[in-house]
Amino acid sequence: MLFQGPLSFMDVFVDFTWEEWRLLDPAQKHLYRSVMLENYNNLASLGHQHTKPSVVFQLEQEELWMMQIPSQGHAGE
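Presented here is an overview of the structure given in this document. (Residues numbered from 1 in each chain as written. Predicted model: local features only at pLDDT ≥ 70, side-chain atom pairs only at ≥ 80, totals over all residues. Heavy atoms only, no water.)

1. Some points on the pattern of salt bridges
Basically, it comes down to this: Take a side-chain nitrogen of Lys or Arg and a carboxyl oxygen of Asp or Glu: if they are within 4 Å of each other, that pair is a salt bridge. Residue exposure (1.4 Å probe, protein chains only): buried if accessible area is under 20% of the type maximum, exposed if over 50%, otherwise partly exposed.
Tallied over the full model, the rule gives 1 salt bridge. Ionic pairing is found between Lys52 and Glu60, a salt bridge with its closest N-O pair at 3.0 Å. The partly exposed category is assigned to Lys52, whose relative accessible area is 31%.

2. Things to note about helix H3 (residues 26-45)
Operational definition: The helix count covers DSSP runs of H or I at least four residues long, the strand count covers runs of E at least two residues long, and both are numbered beginning at the N terminus. Each residue after the first adds 1.5 Å to the expected span of a helix. Think of the arc as the fan of directions from the helix axis to the C-beta atoms.
Taking 1.5 Å of rise per residue, 20 residues should cover 28 Å, and H3 covers 28 Å from first to last C-alpha, within 8% of that figure. Among the residues of H3, Lys29, Tyr32, Arg33, Met36, Leu37, Tyr40 and Leu43 are the ones counted as buried. All buried residues of H3 lie within an arc of 125° about the axis, which places them on one face of the element. H3 presents Ala27, Leu31 and Ser45 as exposed residues on the side facing more than 90 degrees away from its buried surface.

3. A look at the packing of aromatic side chains
Basically, it comes down to this: For this analysis, a ring pair means two rings from Phe, Tyr or Trp (six-membered ring only for Trp) whose centres lie within 6.5 Å, classed as stacked if their planes differ by under 30 degrees, edge-to-face if by over 60, and tilted for the remaining angles.
This model, assessed by the stated rule, comprises 5 aromatic pairs. Ring geometry for Phe9 versus Tyr40: centroids 5.9 Å apart, planes at 80°, classification edge-to-face. Here Phe9, found in helix H1 (residues 9-12), pairs with Tyr40, found in helix H3; they are 31 residues apart in sequence, far enough to count as distant. Phe9 gets classed as buried once you look at its relative accessible area, which sits at 0%. Taken together, a centroid distance of 5.6 Å and an interplanar angle of 70° make the contact between Trp21 and Tyr32 edge-to-face. Here Trp21, found in helix H2 (residues 18-23), pairs with Tyr32, found in helix H3; they are 11 residues apart in sequence, far enough to count as distant.

4. Quick word on the nonpolar core
Formally: As used in this record, nonpolar core signifies buried Ala, Val, Leu, Ile, Met, Phe, Trp, Tyr and Cys residues forming a set joined through side-chain atoms within 4.5 Å. Any two residues having at least one pair of non-hydrogen atoms within 4.5 Å are treated as being in contact.
In terms of nonpolar packing, the biggest core is built from 13 residues, with Phe9, Phe13, Tyr32, Met36, Val55, Val56 and Leu59 touching the most fellow members. If you list the elements that add at least two residues to this core, you get H1, H3 and helix H4 (54-60). Counting residues per element, this core draws most heavily on H3, at 5 residues. Setting aside residues up to four positions removed in sequence, Val56 forms contacts with Phe9, Leu37 and Tyr40.

Structural data, given as structure tokens:
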């Protein structure tokens, strides 16, 4: 595998289908949210993330986020 440029959040983001998402219990959803936000913050602290993807804004809004699927086609960000 060849290095293709700086690592971005979307390179490490895990996206679930609606069917997969609804099978997760609240604790699993909370763990997912925590890990995704930690990944974003780690990349940002290293200077690898210059803009905040919209999915991160969604993850930061926990109350709204826990009721929804975290992402729907954000892979291009």
